[in-house]
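# Remarks on the overall topology
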Amino acid sequence: MIEVHHLENSRSQRVIWLLEELGVAYELVTHRRDPSTLLAPDSLRAVHPLGKAPVIRDLARNGRVIAESGAIIDYLIEHHDAERRLAPPGGSDAWERYRFWLHHAEGSGMPPLVMRLVFSRLGQPPVPALARPLGRLFARGVEQQYLGPEIRRLREFWESELAAGPWFAGEAFSAADIQMSFPVLALAGRGGLAGYPRLEGFLAACREREAHARTVARIGEFRLAGG
């Protein structure tokens, strides 16, 4: 039994989706965001010192705790996917692509998207009213000089890479696609996929998977805050 500590409306949705794909039994523990700050509650620190989600506890292995999305995916593939249905054979070209996308999603894909979200709030409460015009001006400059071009570069790269096949590691769906679904979904939340048909097709194909539908039915689909 895997115990999944899930933060509502967060990237931990991917771990639940992976477990549904693998058919692994799991217990879901949902943590609610602070309604004012939207931050994770202190209850997550009781599971892992960083107090972030996702976190899993493997009850069959002395309650071992694993944090970080990529590490959790590696762990679940290693221990619960003996047939390697969701990861290519090691050493293959597909494996090299799989490994890249598994780590690219959080290493390069998500940081500018998170920064965009943070900067977009500089003109809103709880920022003091007198500081909001300056916050909006600062956010606009960062968007124009850095975030906009960087996100456009990422989006064009993702679109071009999907020319090799319908999934990021090639012809077969893999856990790397589950990992990459989050930055693509975050872009879609702000209308960022218009004119990128391969990315639109990728997201549509993800949503058509039965395991994804079961995940959404249980916890809902991620919604970009403020988007």
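Please refer to the structure higher up on the page.
A short tour of the structure in this document, coming up. Residues take numbers from 1 onward in each chain, read along the sequence in its written order. Only residues with pLDDT of at least 70 get local features here, since the model is predicted, and only at 80 or more are side-chain atom pairs given and counted; chain-wide, interface and lining totals rely on the full set of residues. The side-chain quantities take in all heavy atoms of the structure and omit both hydrogens and water.

## Some thoughts on the layout of surface pockets
Estimates place the volume of the largest pocket at around 1400 Å³. Residue lining of the largest pocket: 48 residues in total, with Arg-11, Arg-33, Leu-38, Leu-39 and Val-114 positioned closest to the centre. Note on residue classes: Ala, Val, Leu, Ile, Met, Phe, Trp, Tyr, Cys and Pro are nonpolar, Asp, Glu, Lys and Arg are charged, and everything else, Gly too, is polar. For the lining of the largest pocket, the per-class residue count stands at 25 nonpolar, 13 polar and 10 charged. Residues are said to line a cavity or pocket when one of their atoms sits within 4 Å of a point; the points come from a 1 Å grid over protein atoms alone, cavities being sets where a 1.4 Å probe fits but cannot get out and pockets being open sets with protein on both sides within 12 Å along at least five of seven lines. Taken together, 14 residues line the second largest pocket, and the ones lying closest to its centre are His-6, Glu-8, Asn-9, Arg-32 and Ile-219. Elements represented by at least two residues in the lining of the second largest pocket include exactly β2 (26-31) and α7 (210-219). For the lining of the second largest pocket, the per-class residue count stands at three nonpolar, six polar and five charged. Grid points are joined across faces, edges and corners, and a volume is the space filled by probe spheres set on the points. Going along the chain from the N terminus, every DSSP run of H or I of four or more residues is numbered as a helix, and every run of E of two or more is numbered as a strand.

## Considerations on the pattern of salt bridges
For salt bridges, the criterion is a side-chain nitrogen of Lys or Arg within 4 Å of an Asp or Glu carboxyl oxygen. Counted according to the given criterion, the structure contains 13 salt bridges. The shortest N-O distance in the salt bridge between Glu-20 and Arg-214 comes to 2.9 Å. Of this pair, Glu-20 sits in helix α1 (residues 13-22) while Arg-214 sits in helix α7, placing them 194 residues apart in sequence. Classification of residues uses two cut-offs on accessible area relative to the type maximum, computed with a 1.4 Å probe and protein chains only: under 20% is buried, over 50% is exposed, and between them is partly exposed. The class for Glu-20 is buried, based on a relative accessible area of 16%.

## With respect to the sheet that holds β2
Across a sheet, strands are paired by hydrogen bonds formed along the backbone, either parallel or antiparallel in direction. Strand order across the open sheet formed by four strands is β2-β1-β3-β4, with mixed pairing between neighbours. The open sheet terminates on both sides in strands that have one partner only, identified here as β2 and β4 (64-67). Direction aside, the axes of adjacent strands within the sheet are offset by 20° on average. A pair of strands is considered paired only if DSSP assigns at least 2 bridges between the two. Inspection of the sheet shows strand β3 (residues 55-58) paired to β4 by four bridges, in the antiparallel sense. Bridge assignment links Asp-58 to a residue of β4, and that residue is Arg-64. Note on definitions: a residue-residue contact is assigned when non-hydrogen atoms from the two residues lie within 4.5 Å. For every element, the axis is a line fit to its C-alpha atoms; helices are fit only across the contacting stretch, and the angle between N-to-C directions ranges from 0 to 180 degrees. Sheet strands in contact with α1 are β1 (2-7), β2 and β3, and its direction is about 145° off that of β1.

## Section: unusual backbone geometry
Cis peptide bonds are those with omega within 30 degrees of zero, and the linkage from Ala-53 to Pro-54 qualifies with 5°. Assignment of secondary structure puts Pro-54 in the loop between β2 and β3. The phi angle at Asn-62 is positive, at roughly 60°, despite the residue not being glycine. Relative accessible area serves as the criterion here: at 82%, Asn-62 is assigned to the exposed category. Here Glu-68, not a glycine, exhibits a phi torsion of approximately 75°, which is positive.

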